[in-house]
Amino acid sequence: MKWLLVLLGVGILSVATYMVITARGGSSLVLSAPEAHRLVRAGELTLIDIRTPEEWRHTGVADGAGLVNMVHPGGTEGFVRDILAQVDGNPDAPIGLICRTGNRTTHIQRVLTAHGFSRIYNVAEGMVGSSAGPGWLNRGLPVRSYE
């Protein structure tokens, strides 16, 4: 019984440590497209598409997503300022990032964490799919057109 309690204590400590690390913006915060869609619909996540306008026109935009082109005319500071505006100035608000296949969002997740954001989630399968999953479009999740 004593060993069971020790193992249980170690397990709880490990889970608590993981939660602290990820709550501080660790790059392991990943959502599937369906999870992101559910959280956006519930009002629990701000989804931001960081692709270019050409890409938005080509595939449409995930329903409920805000648009902030990562190729920002104001550079990194302008990009970060626009992301912050999407969450009413709250760097602790949960933000989901989506791009084409999850590569750019992985990079931007680290950039935003370095700028003080604490809950940046990566929709790693992106709009068209990757090794993380089939993607927003292939899952048949709703999109809106971009004009």
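Predicted, not measured: the structure shown is a model, and the values here were computed from it.

Take the sheet that holds strand β1 (residues 30–31) next. Strand order in the open sheet formed by five strands is β1-β6-β5-β2-β4, and the pairing between neighbours is parallel. On the outer flanks of this sheet lie β1 and β4 (66–67), each paired with one strand and no other. Sheet analysis places β1 next to strand β6 (residues 120–123), joined by two bridges and oriented parallel. Within β6, the position partnered with Leu31 by the bridge is Val123. The strands touched by helix α4 (residues 75–86) within the sheet are β2 (46–49), β4 and β5 (95–98), with β2 carrying the most contacts at an inclination of about 145°.

Within the secondary structure, Gly43 sits in the loop between α2 (33–41) and β2. Residue classification places Gly43 among the exposed residues on the basis of a relative accessible area of 65%.

We now examine the nonpolar core. Leu45, Leu47 and Trp136 are the most contacted members of the largest nonpolar core, which totals 18 residues. No other element matches the four residues that α2 contributes to this core. If you look at the next biggest cluster of nonpolar residues, it comprises 15 residues, including Ile48, Phe79, Val87 and Leu112.

Take the packing of α4 against helix α5 (residues 103–114) next. The geometry of α4 relative to α5 is characterised by a closest axis approach of 11 Å and an angle of 85° between their N-to-C directions. Taken together, the axis directions place α4 and α5 in an arrangement best described as roughly perpendicular. The segment α4 lies against α5, with Thr76, Phe79, Val80 and Ile83 engaging Ile108, Val111 and Leu112. Of the residues in the contact of α4 with α5, the class split is six nonpolar, one polar and no charged.

Okay, the pairing of β5 next. The alternating pattern of β5 places Ile95 and Leu97 on one face and Gly96 and Ile98 on the opposite face, and all of these are buried. Alignment of β2 against β5, held across four bridges, turns out to be parallel. Each bridged residue has a counterpart across the sheet, and for Thr46 the counterpart in β5 is Ile95. For the handedness criterion, the β-α-β arrangement of β5, α5 and β6 is classed as right-handed.

Rules and cut-offs
- Residues numbered from 1 in each chain as written.
- Predicted model: local features only at pLDDT ≥ 70, side-chain atom pairs only at ≥ 80, totals over all residues.
- Heavy atoms only, no water.
- Pairing = 2+ DSSP bridges.
- Helix = DSSP H or I, 4+ residues; strand = E, 2+ residues; numbered from the N terminus.
- Contact = heavy atoms within 4.5 Å.
- Axes fitted to C-alpha atoms, helices over the stretch in contact; angles between N-to-C directions.
- Buried < 20%, exposed > 50% of the residue type's maximum accessible area, 1.4 Å probe, protein only.
- Core = buried A, V, L, I, M, F, W, Y, C linked by side-chain atoms within 4.5 Å.
- Parallel < 35°, antiparallel > 145°, perpendicular 65-115°, else oblique.
- Nonpolar A, V, L, I, M, F, W, Y, C, P; charged D, E, K, R; others polar.
- Right-handed = clockwise from strand over helix to strand, strands pointing away.

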